[in-house]
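# Descriptive structure summary
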Amino acid sequence: GNSVTQMEGPVTLSEEAFLTINCTYTATGYPSLFWYVQYPGEGLQLLLKATKADDKGSNKGFEATYRKETTSFHLEKGSVQVSDSAVYFCALTLTGTASKLTFGTGTRLQVTL
Amino acid sequence: EAGVAQSPRYKIIEKRQSVAFWCNPISGHATLYWYQQILGQGPKLLIQFQNNGVVDDSQLPKDRFSAERLKGVDSTLKIQPAKLEDSAVYLCASSLGHGTSYEQYFGPGTRLTVT
């Protein structure tokens, strides 16, 4: 079946530190990959996506590269801010599955001053 | 543009009671999704509608859960009777269409606690 595995949190970083949140996937076909973010008290928001191998998604200083050879889609940011504190979800969907999203368990990021 | 609206935001019920959640998608969005997010887990799709037809309900526990989307706009999700393991956040999402090119927009969710 299809699944997404994320590194466990919480991840605690100081402001301006470098962020990596690992995500690997298992899929029966060729997935599109997503990162969603959930800020406290808010709904999930799409952060970035990549639809084919070697694509790089980027938004708000975050980026992730679709690596087919390692089945990974790690999220990175060069300098985190306190406002980046949230829960981050990696997800995939397969073409032909009517856009059903399969999510990882989420990684909580806490950024401190 | 208004986002996806859900109500209530919080609900506490006793086991074996029934409960209903309401979702109003973004205007013009043909596809509507209900997800269940248990604490510490990622959201899991329960049911997907395209207009007022069901596209995928393979993970909906049909013995106790039901959902409808009359007139292809608003949707309600019902649980009857509720079990302790139904405690979760129920997320509604909508998109213009179905397929990987259509972004799903999520509502704030309804947090259900079953005691």
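Our subject in this report is the structure included herewith.

## Topic: the overall build of chain B
Check the secondary structure of chain B and you find zero helices and 11 strands. Ordered by position from N to C terminus, the α and β elements of chain B give β-β-β-β-β-β-β-β-β-β-β. Over its C-alpha trace chain B gives a radius of gyration of 13 Å, about what one expects of a compact globule, namely 13 Å for 115 residues. Each of the three principal axes of chain B carries a C-alpha extent, and together these read 40 × 25 × 25 Å. A sequence separation of at least 24 residues applies to 54% of the contacts in chain B between residues at least 6 apart. Here chain B displays about 5,600 Å² of accessible surface, and carbon together with sulfur accounts for 49% of that area.

## As for the pairing of strand S6 (residues 53–56) of chain B
Alignment of strand S5 (residues 44–50) of chain B against S6(B), held across three bridges, turns out to be antiparallel. Counterpart to Gln50(B) in the pairing with S6(B) is Gly53(B).

## With respect to the sheet that holds strand S8 (residues 62–65) of chain A
Residue and element names in this part refer to chain A. With antiparallel pairing, four strands are arranged side by side in an open sheet as S3-S9-S8-S7. Looking along the sheet, the strands with just one partner apiece sit at the ends: strand S3 (19–21) and strand S7 (56–59). Sheet twist, expressed as the mean angle between neighbouring strand axes with direction ignored, is 15 degrees. Pairing between S7 and S8: four bridges, direction antiparallel. Counterpart to asparagine 59 in the pairing with S8 is phenylalanine 62.

## Focus: the interface of chain A and chain B
Listed per partner, the contact involves 19 residues of chain A and 23 residues of chain B. Connecting chain A to chain B are zero salt bridges. For the side of chain A that touches chain B, the per-class residue count stands at eight nonpolar, nine polar and two charged.

## Some thoughts on the layout of surface pockets
Its volume calculated, the largest pocket comes out at about 610 Å³. Considering the residues around the largest pocket, the lining is formed by 26 residues, among which Gln38(A), Arg108(A), Gln37(B), Val89(B) and Arg111(B) are closest to the centre. Of all the secondary structure elements, the ones that give two or more residues to the lining of the largest pocket are strand S10 (86–94) and strand S12 (107–112) of chain A together with strand S9 (88–95) and strand S11 (110–114) of chain B. Along the lines of polarity and charge, the residues of the lining of the largest pocket split into 12 nonpolar, 10 polar and four charged. Taken as a whole, the second largest pocket spans an internal volume of roughly 360 Å³. Together, 19 residues line the second largest pocket, and Lys100(A), Leu101(A), Thr102(A), Lys44(B) and Gln59(B) are the ones closest to its centre. Residue classes in the lining of the second largest pocket are distributed as seven nonpolar, nine polar and three charged.

## Details of the pattern of salt bridges
Inspection of every chain in the model, using the stated rule, returns five salt bridges over all chains. Two residues, Lys52(A) and Asp55(A), come together in a salt bridge whose shortest N-O distance is 3.4 Å. For Lys52(A), a relative accessible area of 51% gives the class exposed. Judged by its relative accessible area of 22%, Asp55(A) is partly exposed. For Lys62(B), the salt bridge goes to Asp57(B), with nearest N and O atoms at 3.7 Å.

Cut-offs used in this document
- Residues numbered from 1 in each chain as written.
- Chains lettered and ligands numbered in written order.
- Predicted model: local features only at pLDDT ≥ 70, side-chain atom pairs only at ≥ 80, totals over all residues.
- Heavy atoms only, no water.
- Helix = DSSP H or I, 4+ residues; strand = E, 2+ residues; numbered from the N terminus.
- Rg over C-alpha atoms; globule rule 2.2 N^0.38 Å.
- Contact = heavy atoms within 4.5 Å.
- Areas by Shrake-Rupley, 256 points an atom, 1.4 Å probe, with all protein chains shown as cover.
- Pairing = 2+ DSSP bridges.
- Axes fitted to C-alpha atoms, helices over the stretch in contact; angles between N-to-C directions.
- Salt bridge = Lys/Arg side-chain N within 4 Å of Asp/Glu carboxyl O.
- Nonpolar A, V, L, I, M, F, W, Y, C, P; charged D, E, K, R; others polar.
- 1 Å grid on protein atoms, 1.4 Å probe; cavity = no way out; pocket = protein on both sides within 12 Å on 5 of 7 lines; lining within 4 Å.
- Points joined across faces, edges and corners; volume = space filled by probe spheres on them.
- Buried < 20%, exposed > 50% of the residue type's maximum accessible area, 1.4 Å probe, protein only.

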